[in-house]
Amino acid sequence: MRWQDSRRSSNIEDRRAGGGFGSRSGRIGSLLPIIRFLLGSNIGRVVLGLGVVAYFMGYNPLALLNLDTSHPTANIQATQNEQEKENFAFVSAVLAQTEDVWGKIFQEHGATYSQPNLVVFRDQVRSACGFASSQSGPFYCPADHKVYLDLGFFDELAKVHKADGDFAQAYVIAHEIGHHVQNLSGTLDRINKLKARSNNAIEQNALQVRVELQADCYAGIWAKHVNSRLEDGDINEALNAASAIGDDTLQRKFQGHVVPDSFTHGSSKQRMEWFKKGFLSGKIEACAF
């Protein structure tokens, strides 16, 4: 996939510093041991008092100790390796492409596309939908209109699921953006209401499968619209990724047997079919269910 010369999105939040908790309360919590130490002596209390005065005068007292936590992104970027830097740039480029594609599609339908933010985190993160670890995989939170991604998932995709290639990674991002499209169009709200009316777990799972397959279809639409940037084998990479993370494939790999009634994302065959449906048509109407 040719992406290096494409524009980068500005709708990215880098929360890799501090384990994904970039909040002020989290930063203060990390300073508590230092504060306790300073309070333990007369000199320490004087230093602490001067620090408070300096803070209210507009100076950052932490800079004197080389403990400035006001720019966590800058700190983490100084230590990240080249591969992680490239992955971050790649995610930004793919996100920008989804913005362009869906912005145009929404405009054609007389609507305005509200661009989501993509949060890059490490290990754990707190969203408006609750706390999540990297083990949850990439996810979309409709409550804050944000996609959450630990870049380490790309390694897992290649090594654990045998779905390598940059377009396999791009497919995952496009799928999550597909959920944002569903949120804007009211699909997620409609499905959630249907699930709330049902006390049957099998019915609820079936409804969720429809949501996930439509997101795959939307990912296919995105791929159709960036066709000029695709290289030989890219679509096969996406299809391989769709197959590798199908419910039946994952259940067979990790529990040794398949339970169709427990599917929440669809079988490998279904996921590939819905991606192809979107890719072949390029039209949002083709993804209706």
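Predicted model only: the values in this text are computed from it and were never measured.

The next thing to look at is the nonpolar core. Counting residues in hydrophobic clusters, the biggest one holds 59 residues, and the most contacted among them are Trp-102, Leu-118, Phe-167, Tyr-171, Trp-222 and Phe-275. A total of 11 residues in this core trace back to one element, the largest contributor, which is helix α4 (residues 82-108). Look past the residues within four positions of Phe-167 in its chain and what remains in contact with it is Met-1, Trp-222, Ala-223, Leu-230, Asp-234, Ile-235, Glu-237, Ala-238 and Phe-275. In this structure, Val-125, Phe-139, Cys-141 and Tyr-148 belong to the second largest nonpolar core, which totals 7 residues.

Attention now moves to helix α6 (residues 166-185). Relative to the 28 Å expected for 20 residues at 1.5 Å per residue, α6 spans 29 Å between its end C-alpha atoms, a close match to the ideal helical length. Directly after α6, the chain includes Gly-186, whose backbone phi takes a positive value near 90 degrees.

So, on to the packing of α4 against helix α8 (residues 201-225). α8 packs onto α4 with a crossing angle of 95 degrees between their chain directions and a minimal axis gap of 10 Å. With respect to α8, the axis of α4 lies roughly perpendicular. Of the residues in α8, those in contact with Val-94, Gln-97, Thr-98, Val-101, Trp-102 and Ile-105 of α4 are Tyr-218, Ile-221, Trp-222 and His-225. Classifying every residue of the contact of α4 with α8 by side-chain character gives 7 nonpolar, 3 polar and no charged.

If you check the backbone angles, Asp-123 has positive phi at about 75 degrees while not being a glycine. One can find Asp-123 in the loop between β2 (117-121) and β3 (124-127). Located in the positive-phi region is His-145, a residue other than glycine, with phi close to 60 degrees. Among the structural elements, His-145 can be located in the loop between β5 (139-141) and β6 (146-150). Residue His-145 is classed as partly exposed on the basis of its relative accessible area of 31%.

For the rest of this paragraph, the subject is the state of the cysteines. This structure, assessed with the given rule, holds 2 disulfides. At a sulfur-sulfur separation of 2.0 Å, the disulfide partner of Cys-129 is Cys-141. Between Cys-129 and Cys-141 the disulfide shows an S-S torsion of about 95 degrees. By sign, it is right-handed. Residue Cys-129 is located in the loop between β3 and β4 (130-133), and its partner Cys-141 is located in strand β5; the two are separated by 12 residues in the primary sequence.

So, on to the sheet that holds β2. Strand order across the open sheet formed by 4 strands is β1-β2-β6-β5, with mixed pairing between neighbours. Two strands lie at the open edges of the sheet, namely β1 (12-15) and β5, each paired on one side alone. Between one strand and the next, the sheet's axes are offset by a mean angle of 25 degrees, whatever the strand orientation. In terms of strand pairing, β2 meets β6 through 5 bridges, oriented parallel. Within β6, the residue paired with Asn-117 across the bridge is Lys-146.

With the rule as written, the count across this model stands at 11 salt bridges. Residues Asp-5 and Arg-229 are paired through a salt bridge, measuring 2.7 Å at the closest nitrogen-oxygen approach. Placement of the pair is Asp-5 in the segment before β1 and Arg-229 in the loop between α8 and α9 (234-244), with a sequence separation of 224 residues. Where Arg-271 meets Asp-216, a salt bridge forms, and the shortest distance between an N and an O atom there is 2.8 Å. Of this pair, Arg-271 sits in helix α11 (residues 268-281) while Asp-216 sits in helix α8, placing them 55 residues apart in sequence. Assigned by exposure class, Arg-271 and Asp-216 land together as buried. Connected through salt bridges with shared partners, the residues Asp-14, Arg-16, Glu-84 and Arg-122 form a single ionic network.

The rules behind these values
- Residues numbered from 1 in each chain as written.
- Predicted model: local features only at pLDDT ≥ 70, side-chain atom pairs only at ≥ 80, totals over all residues.
- Heavy atoms only, no water.
- Core = buried A, V, L, I, M, F, W, Y, C linked by side-chain atoms within 4.5 Å.
- Buried < 20%, exposed > 50% of the residue type's maximum accessible area, 1.4 Å probe, protein only.
- Helix = DSSP H or I, 4+ residues; strand = E, 2+ residues; numbered from the N terminus.
- Contact = heavy atoms within 4.5 Å.
- Expected span 1.5 Å × (residues − 1).
- Axes fitted to C-alpha atoms, helices over the stretch in contact; angles between N-to-C directions.
- Parallel < 35°, antiparallel > 145°, perpendicular 65-115°, else oblique.
- Nonpolar A, V, L, I, M, F, W, Y, C, P; charged D, E, K, R; others polar.
- Disulfide = S-S within 2.5 Å.
- Pairing = 2+ DSSP bridges.
- Salt bridge = Lys/Arg side-chain N within 4 Å of Asp/Glu carboxyl O.

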